[in-house]
Amino acid sequence: TMGKLQSKISIHTSRYRADGSMEETGPARAVRQHSPVHSDTVTAVAALHPDLCVSGGRDKMVAVCSWRSGAVLQRFIGHKQEVTKVTSALDSNRVFSASRDKTVMMWELHGTAGPSQHFPGHDLVVTGLAVSPDASQLCTGSRDNSVCKWDTETGECLGRAAISRNLVTHMCWVPGEPYVIQTSEDKTIRIWDSRTLQVAHAFPAKRHIQTCCDVSQDGRFCLSSSSGSAGEGGEATLWDLRQTRRQVREYKGHFQTTTSCVFLPWDPALAPRIATSSYDSTVKVWDQDTGGRG
């Protein structure tokens, strides 16, 4: 089952117009599906460069691949248990991974297969990972209720803060700002000031566990996603990060836990879009401004 996957042929491609309708653009080339990189479940994926992605898996490995050619540029080996999160600063050659082995590791894209830096210090699985835009600092979170800040050059822990019941589920850095967004099983979304490692703001708690978060490219908004079942919960929520720091709208339509949420790359020909994925086996694309499905 892990052999080479079959290629699929798409007869037509579609292009979205600004009004949300679709325009057929003619025959499409074959869509290639490449041989699997991991030998077990893929647990995390992130963009590295426009043509490259980094992934982590239950096989304890971190891999960098070209999504265009399928070529594996690098395999990183060093974690002792499943990789839970991967990330990288935009256009950086440094890759970061978190694991159930309670550690975070830093890897060099053009370096050796082993880690160039090691960040031990959490007491339980690391479930949050965010790197500063210049890749000089790292913030991590864990099910041990703590958030840590690290110097990526030295590996030194620059600070640690713990909040009771703050079981971290995800973290992301606000572009151009010293702030980090964090979601938690206590149903709260927190904004951390990375300079002091103190909570600068906490949004009103939601009704369900918050599973994931993302920040818009302009740093004006953040998204969070909720657990749910049988049509209850499972929404994504848009929050204003500016002075008002309020809930803007909810995106409802999943029937089970919404596992991830992301702002889609901005296109001047389209209204801003977000995407969500869920245990209900669907990925939904939404109009960010209206909440309608794109």
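The name that an unreviewed UniProt entry assigns to the protein chain is WDR31 protein, with the source organism given as Rhinopomastus cyanomelas.

Draft legend 1. View of the overall build of the protein chain. Scanning the protein chain from N- to C-terminus turns up zero helices and 29 strands. Within the protein chain, buried positions represent 49% of all 294 residues. Of the contacts made within the protein chain by residues no fewer than 6 positions apart, 40% connect residues no fewer than 24 positions apart. Accessible area for the protein chain stands at about 14800 Å²; split by element, carbon and sulfur atoms hold 51% of it.

Draft legend 2. Spatial organisation of the sheet that holds strand E17 (residues 168-173). Pairing within the open sheet is antiparallel, and its four strands lie in the order E17-E18-E19-E20. Taken across any chain shown, the strands that pair with only one partner, and hence form the sheet edges, are E17 and strand E20 (198-202). Pairwise comparison of adjacent strand axes, ignoring direction, gives a mean angle of 30 degrees for this sheet. Bridging between strand E19 (residues 189-193) and E20 involves four bridges; their strand directions are antiparallel. Considered in E20, the bridge of tryptophan 192 is made with valine 199.

Draft legend 3. Geometry of the pairing of strand E15 (residues 146-151). In terms of burial, E15 is largely enclosed, as five of its six residues are buried. Taken together, the five bridges between strand E14 (residues 137-142) and E15 define a ladder with antiparallel strand orientation. Following the sheet pairing, glutamine 137 is matched in E15 by aspartate 151. Where E14 folds back onto E15 in an antiparallel hairpin, the turn is made up of three residues, including asparagine 145, whose phi is positive at roughly 75 degrees.

Draft legend 4. Representation of the pattern of salt bridges in the model. For the coordinates displayed, the defined rule picks out 15 salt bridges. The partner of arginine 143 in a salt bridge is glutamate 185, and the shortest N-O contact between them spans 2.4 Å. Taken together, the residues span a long stretch of sequence, with arginine 143 in the loop between E14 and E15 and glutamate 185 in the loop between strand E18 (179-184) and E19 at a distance of 42 residues. Owing to a relative accessible area of 33%, arginine 143 belongs among the partly exposed residues under this scheme. A salt bridge links glutamate 235 to lysine 206; the nearest nitrogen and oxygen atoms lie 3.4 Å apart. On the criterion of sequence distance, the pair formed by glutamate 235 in the loop between strand E24 (232-233) and strand E25 (236-240) and lysine 206 in the loop between E20 and strand E21 (210-215) is long-range, its members being 29 residues apart.

Draft legend 5. The arrangement of the confidence of the model for the protein chain in detail. The pLDDT averaged across the protein chain works out to 88; a share of 89% of its residues lies at or above 70. Low confidence marks residues 1-28, where pLDDT is under 50. Its contacts with residues over four positions away, or in another chain, come to 46 contacts.

Draft legend 6. Just the environment of cysteine 148, in detail. Looking at the element boundaries, cysteine 148 is found in strand E15. In this structure the C-alpha to C-alpha distance between cysteine 148 and histidine 122, which are 26 residues apart in sequence, comes to 8.3 Å. Here cysteine 148 is in contact with His122, Leu138, Cys139, Thr140, Cys157, Gly159, Arg160 and Leu197, once residues within four sequence places are set aside.

Quick notes on the rules
Along every chain, residues carry numbers that run from 1 in the direction the sequence is written. Totals for whole chains, interfaces and linings use every residue, but because this is a predicted model, local features are given only for residues with pLDDT of at least 70 and side-chain atom pairs only at 80 or more, for both listing and counting. With hydrogens and water stripped out, all remaining heavy atoms of the structure feed into the side-chain values. Counting from the N terminus, the helices are the DSSP runs of H or I reaching at least four residues and the strands are the DSSP runs of E reaching at least two. The buried label applies to any residue whose accessible area, calculated with a 1.4 Å probe on protein chains only, is under 20% of its type's maximum; exposed applies above 50%, and partly exposed to all values in between. Throughout, a contact is declared for two residues whenever any of their heavy atoms are within 4.5 Å. Here the Shrake-Rupley method, with its probe set to 1.4 Å, supplies the accessible areas, and only the displayed protein chains count as covering residues. Think of it this way: DSSP has to see at least two bridges between two strands before they count as a pair. Where helices are involved, their axes are fitted lines through C-alpha atoms of the stretch in contact, as for all axes, and angles between N-to-C directions lie from 0 to 180°. Each reported salt bridge corresponds to a side-chain nitrogen of Lys or Arg within 4 Å of a carboxyl oxygen of Asp or Glu. In predicted models, pLDDT denotes the confidence assigned by the predictor to each residue on a 0 to 100 scale.

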